[in-house]
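Observations on the three-dimensional arrangement
Chain residues, written in single-letter form:
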Amino acid sequence: MREFALLAPPDALASREAGIVTRFVVGALLVSHGARRDAKVSVYFGGAGAVSFEGASMRNVRPDEQSLSGILRAGLRKVRDTGGGRVMQGIYASDARLEDSIARAKGTRVYYRGQGGRAVSLRGDFCAVFEHPALAAGTEGALTRAGFVAVNLGAVPMPVDQAAVVANIRADRDDCRQG
């Protein structure tokens, strides 16, 4: 299972940042012919809640910014109004926090900080954590304590939406080398 987690500001969907968040979901989860069945993407909006997309079970998700922003906003409304639950098939909202979820991560544990890091194989199961607009020192410390390592995804820093795509490409190549 490929698990991608993005920590975004609570107001990200109400600003120009919405595009980065929706492109992150697209880059981590969707392929030209549908969704990656072996992927899960969770977007954590600080204390406002989280919305998770499960590639194996979700249906009728469009890759455009307007549709995905609407799904994410509906998820945050569901958290605010009822504490969470199903948003659409395969999409769930909750009051989960990134700190609680990283303890349950399976497989290789990595995070992206923009520069540096190690060349880590993303073969098999992994959990990759990203933060927008930048990885905070507190987040990095929590990830390190939970056994996560910084991953090097290229020679130049890139926004998290692009980094998610590069991580999937790296994982696809690592999986091909294995089998």
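For the structure, see preceding data.
These lines cover the structure that appears in this document, whether it is placed above or below. (Residues numbered from 1 in each chain as written. Predicted model: local features only at pLDDT ≥ 70, side-chain atom pairs only at ≥ 80, totals over all residues. Heavy atoms only, no water.)

**Points about the overall build of the chain**
Test applied: In this text, helices come from DSSP runs of H or I with a minimum length of four residues, and strands from runs of E with a minimum of two, each type numbered from the N-terminal end. C-alpha atoms define the radius of gyration in this analysis, and the globule rule sets the expected value at 2.2 Å times the number of residues to the power 0.38. In this scheme, a residue with accessible area under 20% of its type's maximum is buried, one over 50% is exposed, and one in between is partly exposed, where area comes from a 1.4 Å probe on protein chains only. Here, residues are in contact when the closest pair of their heavy atoms is within 4.5 Å.
Along its length, the chain carries five helices and 10 strands. Relative to the globule expectation of 16 Å for 179 residues, the C-alpha radius of gyration of the chain, 15 Å, shows essentially globular dimensions. Projected onto its principal axes, the C-alpha coordinates of the chain cover approximately 45 × 35 × 30 Å. Looking at the chain as a whole, 44% of its 179 residues qualify as buried. Expressed as a percentage of contacts within the chain between residues at least 6 apart in sequence, the contacts between residues at least 24 apart total 66%.

**A few points about the pattern of salt bridges**
Let me state the cut-off plainly: Take a side-chain nitrogen of Lys or Arg and a carboxyl oxygen of Asp or Glu: if they are within 4 Å of each other, that pair is a salt bridge.
Overall, the coordinates contain eight salt bridges when judged by the stated rule. For Arg2, the salt bridge is made with Asp172, and the minimal N-O distance between the two is 2.7 Å. A residue pair is termed long-range when its members are at least 10 positions apart, and Arg2 in strand β1 (residues 2–7) and Asp172 in helix α5 (residues 160–178) qualify at 170 residues. Looking at Asp172, the relative accessible area reads 28%, which means it is partly exposed. One salt bridge in this structure joins Asp81 and Arg80, with 3.1 Å as the shortest N-O distance. For Asp81, a relative accessible area of 54% gives the class exposed. For Arg80, a relative accessible area of 60% corresponds to the exposed category.

**Quick word on the layout of surface pockets**
The rolling of a water-molecule-sized probe over the atoms marks out the regions of remaining empty space. Convention followed: The pocket and cavity definitions rest on a 1 Å grid over protein atoms only: a 1.4 Å probe that fits but cannot leave marks a cavity, an open set with protein on both sides within 12 Å along at least five of seven lines marks a pocket, and residues lining either have an atom within 4 Å of a point. Grid points are joined across faces, edges and corners, and a volume is the space filled by probe spheres set on the points. Residue type decides the class: Asp, Glu, Lys and Arg count as charged, Ala, Val, Leu, Ile, Met, Phe, Trp, Tyr, Cys and Pro as nonpolar, and the leftover types, Gly among them, as polar.
Estimated volume of the largest pocket: approximately 300 Å³. Along the walls of the largest pocket sit 21 residues, with Glu3, Lys40, Ser42, Tyr44 and Ser101 positioned nearest its centre. Taken together, the elements giving at least two residues each to the lining of the largest pocket come down to β1, β4 (39–44), β5 (50–54), β7 (91–94), α3 (98–102) and β9 (126–131). Looking at the lining of the largest pocket element by element, the count peaks at four residues for β5. Each residue belonging to the lining of the largest pocket can be placed in one class, and the counts come to 13 nonpolar, four polar and four charged. If you add up the space inside the second largest pocket, you get close to 180 Å³.

The values reported here are purely geometric and, on their own, carry no functional implication.
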